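Chains, contacts and geometry: an overview
Listed here are the chains, written in short residue letters.
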Amino acid sequence: MSSADTKAHKQSAARLLTDKDVEVLESFDEGYQGYFWKMLDYLNKFVTKGMEEGRFTEEQALEDLELALWYGYAYNNLDIYPAYYKTLELMKPSEKNAHGCGAWYCRYSVALMYCGRLTEARVYAEKAITEEPTYPWGWLQAAKLRYHFGFKDGALQAIEEGLKLMPDDYEFLTLRKEIDLGYTLEQLEYHWISPEADKKLQAGLDKDSDEKQRAIAGIVTDAENLARIKELFKPEGWEADNPFCHGLVTFNRFQLQVLFRMNEAALSKMNYGWLKKQKETITMHYVQHPCGSSICNLVFVAFNLDYSIDLVYYDLETEKHYEISTPKNGDLTSEIMLNMEFPDEKVDNNKLN
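All figures in this text were calculated on a predicted structure; none of them were measured in a lab. (Residues numbered from 1 in each chain as written. Predicted model: local features only at pLDDT ≥ 70, side-chain atom pairs only at ≥ 80, totals over all residues. Heavy atoms only, no water.)

Our next topic: the pairing of strand β3 (residues 254–260). Across seven bridges, strand β2 (residues 245–251) lies against β3 in antiparallel orientation. For F251, the partnering residue across the bridge sits in β3 and is F254. Once β2 ends, the chain turns through two residues before running back antiparallel as β3, passing N252 with a positive phi of about 50°. Examined bridge by bridge, β3 and strand β5 (residues 294–303) share four bridges and lie parallel to one another. Residue pairing for β5: L259 is matched across the bridge by A302. (Pairing = 2+ DSSP bridges. Helix = DSSP H or I, 4+ residues; strand = E, 2+ residues; numbered from the N terminus.)

Next comes the structure, spelled out in structure tokens:
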């Protein structure tokens, strides 16, 4: 999907972005890649400045179609679960102005898909092609979701419609081939738009392949493994996908907050044996630790998709929080605990949320 799609539809209300603003935003996009964090920084500063100067309100900014398209484009291209979740938050208020704009419905559908909300994603994909049949990427998104829900013929038909608009396009041709091979939706998503970059990804030579896999993990839920993981931790007050999953878990009579920095779909892909081992180690070695003249209590645990873990302790005597973390693909061991030293600084309290 090109950033140029953001210019294809101008709402009837006065524009907030100027042509100069759009020129700057386009400069961050280099076709198959871009500087999307810079794009977001520009958008955020633009909105903040515009509100401070009284040129528009926060509500007007959120409902502005052109701004929403740029935000959706930038966040979706970061290709990480929290960014897809942010797309949903920022684009929703502008839906009432999205009539006739296939790009809006398509970007919103993609974000829904990567947040594991597949039924809704399909609804918005179908809206993309009914609202604007000449927008090719709506057909691409509709084809994937039709196929996932068991409508292969409808998926292949959508691909043919897309190829009429984009003859010999790499994405459409690849999708048709992989549907015929019986790939799953998550396998269909393991691609880059650029043919050259995609060949590296498929050959296992892309440095961002692990990040790509982590993003894809949030699409489809393995209900059986998710149930096993929940039974392992027995969380109380469970809250899922907001944007992360968390609840109160008991470790050796100590109840504390456990956060999984992922949605339930991604949590369902975590290795059950690894999680079980970490839970047992925390229970045996990590719930308390001497610090100074007192004992620090473990109050917070976060499991991350890269198989790292963050532990936060509270020192009742000094009223400070301290944090230790394992590296990626790391294990908690009793040896780590024995050699653990707390830093002098307080932990960022935002990490406790």
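According to the stated counting rule, one finds 20 aromatic pairs in the structure shown. Ring pairs connect the aromatic residues F233, W238, F260, W274, F303 and Y307, which therefore count as one cluster. The ring centre of Y35 lies 5.0 Å from the NZ or CZ of K38, which sits over that ring. (Phe/Tyr/Trp six-rings, centres within 6.5 Å; stacked < 30°, edge-to-face > 60°. Lys NZ or Arg CZ within 6 Å of the ring centre and 35° of its normal.)

Right, let's get into the pairing of strand β7 (residues 320–325). Pairing geometry for strand β6 (residues 309–315) and β7, over six bridges, is antiparallel. Bridge pairing in β7 links V312 to E323. Linkage of β6 to β7, two consecutive antiparallel strands, is achieved through a turn of four residues, within which E319 is found at a positive phi near 55°.

In this structure the tally under the stated criterion is one cavity of 30 Å³ or more. By volume, the largest cavity is sized at about 40 Å³. Lining the largest cavity, in full, are I229, K230, F233, P235, W238, V249 and F260. Counting residues per element, the lining of the largest cavity draws most heavily on helix α14 (residues 223–233), which supplies three residues. (1 Å grid on protein atoms, 1.4 Å probe; cavity = no way out; pocket = protein on both sides within 12 Å on 5 of 7 lines; lining within 4 Å. Points joined across faces, edges and corners; volume = space filled by probe spheres on them.)

Further remarks concern the environment of H321. Looking at the element boundaries, H321 is found in strand β7. Its relative accessible area of 19% is what places H321 among the buried residues. Placed 24 residues apart in sequence, H321 and N297 show a C-alpha to C-alpha distance of 9.5 Å. (Buried < 20%, exposed > 50% of the residue type's maximum accessible area, 1.4 Å probe, protein only.)

A few words now on the pattern of salt bridges. A full pass over the atoms with the stated rule returns 22 salt bridges. Between K230 and E264 there is a salt bridge whose closest N-O contact spans 2.8 Å. In this pair, K230 is assigned in helix α14 and E264 in helix α15 (residues 264–267), connecting sequence segments 34 residues apart. On the basis of relative accessible area, K230 is assigned to the partly exposed category, the value being 27%. (Salt bridge = Lys/Arg side-chain N within 4 Å of Asp/Glu carboxyl O.)

A few words on the nonpolar core. Among the nonpolar cores identified, the biggest contains 54 residues, and W104, M113 and Y114 are the most heavily contacted of them. Ranked by residue count, the leading element in this core is helix α6 (residues 102–114), at 10 residues. Ignoring any residue separated from it by four or fewer positions in sequence, one finds Y114 in contact with D79, Y81, Y84, E189, K212, A215, I216, G218, I219 and N263. Grouped together as the second largest cluster of nonpolar side chains are 34 residues, I229, M270, Y322 and L332 included. (Core = buried A, V, L, I, M, F, W, Y, C linked by side-chain atoms within 4.5 Å. Contact = heavy atoms within 4.5 Å.)

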